[in-house]
Amino acid sequence: MSRFRPSGVWGFILRRLLLGVVVLILVSILVFLATQALPSDPALAILGRSATPASLAALRRQLHLDRSVIDQYWTWVTGLLHGNLGTSLAAQEPVTTLLSPKLVNSAVLVAVAAVVSIPLSIAIGAWAALKRDKAFDRTSSNLLLALAALPEFVVALVLVIVFATTVFHVLPAISTVPPGSRPWNNWVALVLPTITLVIAVAPYVARIMRASMIEVLESDYVEMARLKGLPERTVLVRHALPNALGPVFQVIALNLAYLAGGIIIIEFVFNYSGIGGAITEAVVNHDLPVVQALAILIAAVYVILNLLADVATILVTPKLRTQL
Amino acid sequence: MSQVSSDWVADAEIAPPLPAVRGTSLLRRSLKLWRTRIGLALVGFIVLLAIVGPYVAPYGPNTPVGAPNSTPGGKAVLGTDYLGQDVLSRVLYGGRSILVLAVIATALGLVAGTAIGLVAAYSRNALDDTLMRGMDVFMALPQILLALVAVTIVGPHAWVVVAAIALTTAPRIARVARGAAQPIVERDFIAASEAMGVPRWRIVSGELLPNCLGPLMVEASLRLTYSITLIAALAYLGLTPNPNDANWGIMIKQNQFVLAVQPWGAVAPIIAIALLTMGTGLIGDGIARTAAGIDRARGEE
């Protein structure tokens, strides 16, 4: 890679993109090899003890298990690129049919959480920076520090105890999305999972926003703007805020990437029918094609969001552009 | 909580590396901060609970002592769980495995990651690129996902969980170690050691490592918090060898569905886990603030 160095912003994006593709190829090999290391025979696992040698051989041929490892990998990867993720061993259905409604459910949950948490945490961080070392700053900093250290499932369960089962009884403890319905049909059920995700993400975004805003507020150009006699409102909204947002974009993208893994446990707590629930179920059932597909999918989301984080940081930070 | 704060942010061009500080003095100085003291007290309390707990528990972890889901009072101070086992006793027994596994997994990841990161930074050649791209592959999978894949393939054994967490902790540590070591590799005292013919492994372990301890300790405390969370979460998902072990994660899962009747079966282990991770989080923040010089900066800015 080091020989090939196109310069400029586009060169940087291209290099990061290529690196992302390389990482994804290596991840696909890793996931594939990991499932190859499986001691049990998938054909036997499907057919169970009633299998005859003839039916086992036929199923192995159908699953391409009789071919070489490289051949199998190639078939799997080309299928993946064509949107064919194989057949679930447990449900005997194509993995795409099985997963696409769950994918929608998870995407809705993450989107709602993002829409709520991003403006909220930016506001908290900016306000804390303005009120630096005052009561609001101290309280919010300590509270966010404590919340950031709590495991998500602990946060989720505390919310369930407080709002659903024990203290108040105002919200449902379980957020199942029945097959055929959509998450927004029963939006009350989305409230607790959303708050959990917001609490999982907001401390990090608010903290970086506070740090970034403090740095900007102490900068020469903000001082300059104030000395020019601009109203404080204009100084904050036009000069300080946009410059403070640079590092925040990266942390937002990183936190959304994190949610790709984090929803696994949160969906399990609320019995929410998304990909998190699907992968937990597939792990328990040893349903390898589903685990493989979700591992690649989550890794892809993770890599893409990290890529966006890097690109966003470069684009909003003029200083870094010169160094490319 | 989120494990990204240092994962990909650590690019040297975005966040300047923390100044090099000696490890022991860093720990001592961080104790001036109240948050470190509170954190230490919380962790100390939970560790004590886990060590002494099994000796003072009124009942065995799997002994039935009364009717299922009975509320606190009588023989069981915190009531009984869904199988009629004593909640207090199970809480007293349930901390050891989480603590032991989390410490082992983090330590393994810390040692491997530090070694890889320092060697990569010191080599300054193709080995550096190869090692760090290899680390990128493991970082492309969220920790819990790799742990789930490992458990699917090998089974829910304790060593699998430890290996999966160590394997995903190492690249994150390696990134920090490499970032901290890179500016130091360029310094004159390294060149001087090389000129004197000091063996390479002694330069890496004797010169490079002591100068990278500050950022590594910050990262290690963060990683320990995540390891505890992950191990508890995997137990909560039911991925443990023995589904009725006394383990805080398992207890929460088992008693989550009777919260409305007898909340203590889930609430007591939730409090224990929360105190533990808040403690490690506070200690980590204290060390990070000290390493970044925030403890002294307040009056002088």
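Each remark here, short or long, concerns the structure printed above.
Everything numeric here is computed off the predicted structure, so don't read it as measured data.

Our next topic: the packing of aromatic side chains. With the rule as written, the count across this model stands at three aromatic pairs over all chains. Arranged with centres 5.3 Å apart and planes meeting at 70°, the rings of Phe32 of chain A and Tyr73 of chain A form a pair that is edge-to-face. Taken as a pair, Phe32 of chain A in helix α1 (residues 8-36) and Tyr73 of chain A in helix α4 (residues 69-81) lie far apart in primary sequence, 41 residues in all. Taking relative accessible area as the criterion, Tyr73 of chain A reaches 17% and is therefore assigned buried. Here Phe268 of chain A and Tyr236 of chain B contribute two aromatic rings whose centre-to-centre distance is 5.5 Å and whose plane-to-plane angle is 85°, an arrangement assigned as edge-to-face. With one member in each of two chains, Phe268 of chain A in helix α10 (residues 232-270) and Tyr236 of chain B in helix α10 (residues 213-236) form a pair that bridges those chains. Taking relative accessible area as the criterion, Phe268 of chain A reaches 25% and is therefore assigned partly exposed. Under the relative-accessibility criterion, Tyr236 of chain B is labelled buried at 0%. Taken together, the ring pairs in this structure connect Phe153 and Phe268 of chain A together with Tyr236 of chain B into an aromatic cluster. The ring of Trp34 of chain B carries the charged tip of Arg37 of chain B above its face, separated from the ring centre by 4.6 Å.

With 125 residues, the main nonpolar core has Val27, Trp76, Phe153 and Met213 of chain A together with Leu148 and Trp248 of chain B as its most contacted residues. At 16 residues, α10 of chain A tops the list of elements feeding residues into this core. Leaving out residues up to four positions away in the same chain, Val27 of chain A has contacts with Ile296 and Ala299 of chain A together with Val137, Ala140 and Leu141 of chain B. Membership of the second largest hydrophobic core comes to 15 residues, among which are Leu118, Tyr122, Ile173 and Ala177 of chain B.

Let us now look at the packing of helix α7 (residues 152-165) of chain A against α10 of chain A. Residue and element names in this part refer to chain A. Across the interface, α7 lies against α10 with an axial gap of 9 Å and an inter-helix angle of 40°. Accordingly, the angle class assigned to the pair α7 and α10 is oblique. Handedness of the crossing formed by α7 with α10: right-handed. Contact residues: α7 offers Glu152, Phe153, Ala156, Leu157 and Val160, while α10 offers Tyr258, Ile265, Ile266, Val269 and Phe270.

Here the focus is the environment of Ala164 of chain A. All names here are of chain A. Here Ala164 shows up in helix α7. The sequence separation of Ala164 and Ile174 amounts to 10 residues, and the corresponding C-alpha distance is 9.0 Å. Beyond its immediate sequence surroundings of up to four residues, Ala164 is in contact with Leu159, His169, Leu171, Pro172, Ala173 and Leu192.

Our focus in this paragraph is the pattern of salt bridges. Within the structure shown, the criterion is met by seven salt bridges over all chains. Note that Asp285 of chain B is salt-bridged to Arg207 of chain A, the shortest N-O span being 2.6 Å. Pair noted here: Asp285 of chain B is in helix α12 (residues 264-291) and Arg207 of chain A is in helix α8 (residues 191-217), and the two residues belong to different chains. Relative accessible area serves as the criterion here: at 8%, Asp285 of chain B is assigned to the buried category. Glu219 of chain B serves as the salt-bridge partner of Arg223 of chain B, at 2.9 Å between the closest nitrogen and oxygen. Highlighted residues: Arg223 of chain B and Glu219 of chain B, both in helix α10, separated by four residues, approximately one helical turn. Judged on exposure class, the residue Arg223 of chain B and its partner Glu219 of chain B are both buried.

Reading guide: rules and limits
Residues numbered from 1 in each chain as written. Chains lettered and ligands numbered in written order. Predicted model: local features only at pLDDT ≥ 70, side-chain atom pairs only at ≥ 80, totals over all residues. Heavy atoms only, no water. Phe/Tyr/Trp six-rings, centres within 6.5 Å; stacked < 30°, edge-to-face > 60°. Helix = DSSP H or I, 4+ residues; strand = E, 2+ residues; numbered from the N terminus. Buried < 20%, exposed > 50% of the residue type's maximum accessible area, 1.4 Å probe, protein only. Lys NZ or Arg CZ within 6 Å of the ring centre and 35° of its normal. Core = buried A, V, L, I, M, F, W, Y, C linked by side-chain atoms within 4.5 Å. Contact = heavy atoms within 4.5 Å. Axes fitted to C-alpha atoms, helices over the stretch in contact; angles between N-to-C directions. Parallel < 35°, antiparallel > 145°, perpendicular 65-115°, else oblique. Left-handed = near helix turned anticlockwise from the far one by under 90°. Salt bridge = Lys/Arg side-chain N within 4 Å of Asp/Glu carboxyl O.

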